[in-house]
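Structure at a glance
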Amino acid sequence: MAKFFGNLHLVLAVGLIAAIVVIACFTGWTGEGAKAVTDDVFRWLHTFFGILWIGLLYYLNFVQVPTMPSIPAEQTGAINNHIAPKVFFFFRWAALLTVVMGLLIAFHNGYGAKALTFGGEGHDGINMIGLGMWLALIMAFNVWFIIWPAQRKILNIVPGATDEEKAKLRPRALAASRTNVLLSLPMLYCMVSANLG
């Protein structure tokens, strides 16, 4: 048992298989059931990656960033060299996969274009999902094109950045990260409250 639970990849694989079996048991594999299975798998993956993305966003903003100034300088290397790079790996890929799965769900169900253009005339749910989608796209942009490039230099993943350059990048990365915290609150409301039924 210890060997099984000591292997995160194995636990995730078994959890994924269990989730797909549960989805299939309640929706079926063929006909309309097959469409429902596909849709449910997309929704499950969207939720999984979304929890990972927003969970890491909140971890960074509620725990790691506020705690760093109180950590003695000789101990910050453990976080900067080992923990933070791993956090940012899962953070950025979870952001991308959350957006991709969300777009797949919207287009698979035929409302993607209407949602992105706020063309759900008479259907506030589609427009609300569209707003949530745009907020998530802005957040993912911040992750990939502001936060991650800055952190690559700040954490010396890309060597050669001067202390002066890092000092300029820190407030920029923090502002983008805090913008994402701000946007996450209305985005989450849009995603859980839109009624597309």
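These numbers come from a predicted model, not from an experiment.

1. What about the overall build of the chain?
Of regular secondary structure, the chain possesses 7 helices and 0 strands. Mapped from its N terminus to its C terminus, the chain presents α and β elements in the order α-α-α-α-α-α-α. C-alpha atoms of the chain, sized along the principal axes, occupy 60 × 50 × 25 Å. Restricting to contacts in the chain with at least 6 residues of sequence separation, those with at least 24 account for 66%. Summed over all atoms, the accessible surface of the chain reaches about 11500 Å², with 69% contributed by carbon and sulfur.

2. Considerations on helix α7 (residues 163-193)
Every α-helical turn comprises 3.6 residues, leaving residues that sit three or four positions apart pointing alike. Given a rise of 1.5 Å per residue, 31 residues ought to cover 45 Å, and the 45 Å separating the end C-alpha atoms of α7 matches this to within 8%. Remark: the principal bend of α7, roughly 30°, maps to Ser 184, with a proline, Pro 186, within the next four residues. All of the buried residues along α7 are Lys 166, Leu 169, Ala 173, Ala 176, Ser 177, Asn 180, Val 181, Leu 183, Ser 184, Met 187 and Cys 190.

3. Looking at the packing of helix α6 (residues 124-154) against α7
Each pair of packed helices can be summarised by the angle the axes make with each other and by the distance between the axes. Orientation of α6 relative to α7, taken along the N-to-C sense of each, is 160°, at an axis distance of 8 Å. Classified by the angle their axes make, α6 and α7 are roughly antiparallel. Between α6 and α7 the crossing geometry is left-handed. A per-class count over the contact of α6 with α7 returns 22 nonpolar, 8 polar and 5 charged.

4. Some thoughts on a nonpolar patch on the surface
On the surface, a cluster of nonpolar side chains totalling about 470 Å² of accessible area is made up of Phe 89, Phe 90, Trp 93, Leu 96, Val 100 and Leu 104. Residue placement: Phe 90 occurs in helix α4 (residues 76-108).

5. Digging into the packing of aromatic side chains
Within the structure shown, the criterion is met by 9 aromatic pairs. For the ring pair Phe 141 and Phe 145, a centre distance of 5.0 Å and an interplane angle of 35° mean the geometry is tilted. Here Phe 141 and its partner Phe 145 are both found in helix α6, 4 residues apart, which amounts to about one turn of the helix. The exposure class assigned to Phe 141 is partly exposed, which follows from its relative accessible area of 44%.

Criteria and thresholds
- Residues numbered from 1 in each chain as written.
- Predicted model: local features only at pLDDT ≥ 70, side-chain atom pairs only at ≥ 80, totals over all residues.
- Heavy atoms only, no water.
- Helix = DSSP H or I, 4+ residues; strand = E, 2+ residues; numbered from the N terminus.
- Contact = heavy atoms within 4.5 Å.
- Areas by Shrake-Rupley, 256 points an atom, 1.4 Å probe, with all protein chains shown as cover.
- Expected span 1.5 Å × (residues − 1).
- Bend = angle between axes of the 7 residues up to and from the residue.
- Buried < 20%, exposed > 50% of the residue type's maximum accessible area, 1.4 Å probe, protein only.
- Axes fitted to C-alpha atoms, helices over the stretch in contact; angles between N-to-C directions.
- Parallel < 35°, antiparallel > 145°, perpendicular 65-115°, else oblique.
- Left-handed = near helix turned anticlockwise from the far one by under 90°.
- Nonpolar A, V, L, I, M, F, W, Y, C, P; charged D, E, K, R; others polar.
- Patch = residues over 30% accessible without salt bridge, like charges linked within 9 Å, V, L, I, M, F, W, Y side chains within 5 Å.
- Salt bridge = Lys/Arg side-chain N within 4 Å of Asp/Glu carboxyl O.
- Phe/Tyr/Trp six-rings, centres within 6.5 Å; stacked < 30°, edge-to-face > 60°.

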